[in-house]
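One-letter residues, chain by chain:
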Amino acid sequence: MTILGISCYYHDSSACLIKDGKLVAAVQEERFDRNKYSSAFPINSINYCLQSANLTSYDIDYVAFYEKPFLKFERIILNHLRSYPFSLKNFLDTTPHWLKDRLILPLTLKEELGFKGDVFFIKHHLAHAASTFLTSPFDKAAILTVDGVGEWATTTYGTGKDNKINVLKEIKYPNSLGLLYSIVTTYLGFRVFSGEGKVMALAETGDPKYLDKFKKIISIKDDGSFRLNKKYFYFNKGGRMYNNNFIKLFGDPRREKEDIKDRHRDVAASLQKTVEDIILKMVKHIHKETGLDNLCLAGGVFLNVTTNTRIVKESFFKNVFIQPAAGDNGSALGAAFYVYNSLKNQPRKHVMKNACLGPEYSDKKIKIFLSNKGVKFKRLENDELTKYVAKKISQDKIVGWFQGRMEFGPRALGNRSILANPGNPKIKDILNKKVKHRESFRPFAISILREDLNDFFDLEIDSPFMLLVGKVKKDEVNSGGREGGLGQKKELIPGALHTNNTSRIQTVKKEDNELYYNLIKEFKNITDLPLVINTSFNDQEPIVCTPEEAYNCFARTKIDVLVLGNYIVEKYV
Amino acid sequence: MEEKKICKKCILPETRPDIWLNEEGVCSVCVVYENEKKFSKGEKGALETDFIKILEKNKGKGEYDCLVMCSGGKDSTSALYYIKERYKLNPLAFTFDHGFETSDALENVNKAVDKLGVDFLFFKSSFMKDMFAKILKTRSKAVICHLCSMWYMDLTYKIAAKYNVPIIIAGWTKGQSVKQPVMSKCACKSDSPEYASMAKATKDFIEEHVKNDPKYKGFPQNMEEVLKKAKKRHKSMVVSPHWFLPIDADAYVETIKKELDWKYPELSYPAKTTNCELNFISVYNSKKHYGYTHYDLEMSRLIREGIISREEALRDLEINFDKDLLNVIAKKLGYKFE
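Since the model is a prediction, treat every value here as computed from it, not as a measurement.

Caption draft 1: Region of the structure containing the overall build of chain A. When helices and strands are counted, chain A shows 20 helices and 23 strands. Taking 573 residues into account, the globule formula puts the C-alpha radius of gyration at 25 Å, and chain A, at 23 Å, falls close to it. In terms of its C-alpha atoms, chain A occupies a principal-axis envelope of roughly 65 × 60 × 45 Å. Here chain A holds 573 residues, and 61% of them are scored as buried. The long-range fraction of contacts in chain A, counting pairs at least 24 apart against all pairs at least 6 apart in sequence, stands at 70%. Counting only carbon and sulfur atoms, one obtains 49% of the accessible surface of chain A, whose full area is about 22300 Å². With 86 positive and 67 negative side-chain charges, chain A shows a spacing of 3 Å between the two charge centroids.

Caption draft 2: Layout of the confidence of the model for chain B. Per-residue confidence for chain B averages 89 on the pLDDT scale, and 93% of its residues sit at or above 70. Our summary of model confidence lists the complex with pTM equal to 0.91 and ipTM equal to 0.87.

Caption draft 3: Structural context of the packing of helix α11 (residues 278-290) of chain B against helix α14 (residues 323-331) of chain B. Residue and element names in this part refer to chain B. With their axes 9 Å apart at the nearest point, α11 and α14 run at an angle of 120° to one another. In terms of axis orientation, α11 runs oblique to α14. As α11 runs across α14, the sense of the crossing is left-handed. Contacts from Leu278, Phe280, Ile281 and Tyr284 in α11 reach Lys323, Leu325, Leu326, Ile329 and Ala330 in α14. Across the contact of α11 with α14, the residue classes break down as 8 nonpolar, no polar and 1 charged.

Caption draft 4: Spotlight on the environment of Asp363 of chain A. Residues and elements named next belong to chain A. Here Asp363 shows up in helix α14 (residues 363-373). Along the sequence, Asp363 and Asn566 sit 203 residues apart, while their C-alpha atoms lie 7.5 Å from each other. For Asp363, the residues in contact, after removing those within four places along its chain, are Arg379, Asn566 and Tyr567.

Caption draft 5: Representation of the pairing of strand β12 (residues 319-322) of chain A in the model. By the bridge criterion, 4 bridges tie strand β11 (residues 294-298) of chain A to β12 of chain A in an arrangement that is parallel. Paired with Asn294 of chain A across the strands is Asn319 of chain A, a residue of β12 of chain A.

Conventions adopted
Residues numbered from 1 in each chain as written. Chains lettered and ligands numbered in written order. Predicted model: local features only at pLDDT ≥ 70, side-chain atom pairs only at ≥ 80, totals over all residues. Heavy atoms only, no water. Helix = DSSP H or I, 4+ residues; strand = E, 2+ residues; numbered from the N terminus. Rg over C-alpha atoms; globule rule 2.2 N^0.38 Å. Buried < 20%, exposed > 50% of the residue type's maximum accessible area, 1.4 Å probe, protein only. Contact = heavy atoms within 4.5 Å. Areas by Shrake-Rupley, 256 points an atom, 1.4 Å probe, with all protein chains shown as cover. Lys, Arg positive; Asp, Glu negative; His and termini not counted. Charge placed at Lys NZ, Arg CZ, Asp CG, Glu CD. pLDDT = per-residue confidence, 0-100. Axes fitted to C-alpha atoms, helices over the stretch in contact; angles between N-to-C directions. Parallel < 35°, antiparallel > 145°, perpendicular 65-115°, else oblique. Left-handed = near helix turned anticlockwise from the far one by under 90°. Nonpolar A, V, L, I, M, F, W, Y, C, P; charged D, E, K, R; others polar. Pairing = 2+ DSSP bridges.

Spelled out as structure tokens, the structure:
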């Protein structure tokens, strides 16, 4: 049975393909059309998914869509009516899109793919729930999904057992933690979709001194359920979603280019703490109600690594699984798995251990690209390659590392990554200013050998998808010759740490990505540090997909070494 | 002897005024290509679903869904394979032989149609023989392959009309063009500088030796006329699956070898292709008159598209035949190369 999963028309359009219960391919449209968070019908992604399995659209049995468009349209129309006449402009702007494509998906599929079979529309939060539970290693688990909004639901929880999911409770629009996060993101002068991560990073540099003010705009019950106080928000006018009462409470909003002040940092910290506390309450309540040991999480809010880490550490669940594409991209695969496992009553066959599900380029293709480009390059076999690249990183060179299949989800996990030396105290500034061209407060993630995790960080569990943070340990160690003498661990890896001495962590095991593991191992042999800085391979654009995009990013930034498969291109040699 | 200068990026030689190299050693065709690429930024390439859209729109209208031009080469044989096996269509395979097709190629076609179980039309004619002989005897610079392609396209359109087939499937590669509307017009942009001299010579030859020859009464003056006549007669379009599929030649050769027992011929130019015997003469003449052939143009485009490497193209285009072979073929046309 072949099922195509699709999410599109809002943000993070994606497609995935399940063949006989196994996920064979998944990719976001932005990687092809090069529009960040692309909302387009994912025609390129669909073509890729089918071709990767050597299939055509004629081989698809079912299409699964990540929401119920008519139900969502109902919410939108009702909200417009409630806010009329203020909502008129927004109504006129959005309605044509609904009529043109969102409500006629089967027709679009017939026209674009020649697909005439059944299309299943799965409720958005059910798709999120399926994306995490049905791909988790658990037979039984509690499930929590939190995002901006689906059709009506913004938060749901329930349980999963074998191939079935039971939703116990949901919170409906406009009460939404995702929406609240996005609203405050815009208030702080950042953009929705791209700015939430920045606010999370900013929060780490602030003091949560406005918790009382947040209590005015959101009321919270003991079970973690909550309600936004409408007095502070516009929900249907279009444009900004906070109103003058909100501004009276928190002060003037920050403009996009304006300097970031302590007040902004403190608002971000207060928001982060508020959201974390609510979710913690919810999770504890869910644990009490379900009595289960395992928890599965999905929805864009669970890209928030600080919240995730508190759940892992402070909730009473023994095991937590977070699907790597926790946002709407992942709901494409949730919808597909829900059709396969739950609706078609097939046993579960896939555990998501690896997020590398996208395009790859053969040795031959890479060689053709480089030789036709006319650049000087060399080829090294894997053993020599990892030694050579590790040495370059240890010499403070910045490396563009392009290997195998591209990752699904927002994180680069060692196949489309920029790698750097965490021991270099200046590396953050160089990466932010000269490679990524982004705000100076933004921290970088690290990839660390799993077996060495506990030597450096207080995190105890696997974090293969870079969805958790760890605080560096305070142990005194020999500084490894870099500075000489004894020092704290944090002094060994200044480039890897945020201002609060934490780092977003990807744990790497040999069996998951051998080449990447070996590279870090070689780096450890040279430096005694079992970790490298790992940031996504891009510069103000979607993560690079092709060798050409990787080369262009290398050429226009301060990346020193480009590694495309086994081929190496270097600047200044 | 002065060494021939060739483009640093592709493999085209400098043949002023048609093709010239700039100070960096890059040819005018590559420069135009790069400029066009800049302006078409964001324009998506052809996807397989685009091909399926075309098939869906046209299939099921007659006894056959499409007519597949099959020469027995790797590209057309794989096109036939895809049409039947990947897209599940009911094709009519069609092979023409102007008297110079090789037994290797025809064996490949026969095996393919048998294994795929498709209906097959084989058309053999010596109609073009006198025209080919005249090109040699008059030492014309006209390109044999251009005249032949006008004839066989005219013939193919007639067959499509006869069987009421809406789609003609060719095995043309992305080396001819990546823009489907251009390719559907039989791939030749005769107004492009790199084709200009060849196109003019062919036109002059037709004007002087074909137009007034009673045997060739009604023979098209150029490819545009073929298309115009075809359009009036019956509406059918030419498409190739290779324009839409990201599968490279090595991969589909493996498939047809395995599934259809397809084989490379013993000798062919360029290497790893299957072409008729006259192709050797056409290549020899083009090299002599223009310094390059349509294969250099095709391979150069494949290099620009990142499909093959420059080294690969240079290797495959090395001349692998001699005058003795040319004379064996030319003898059939009553001609001898000195």
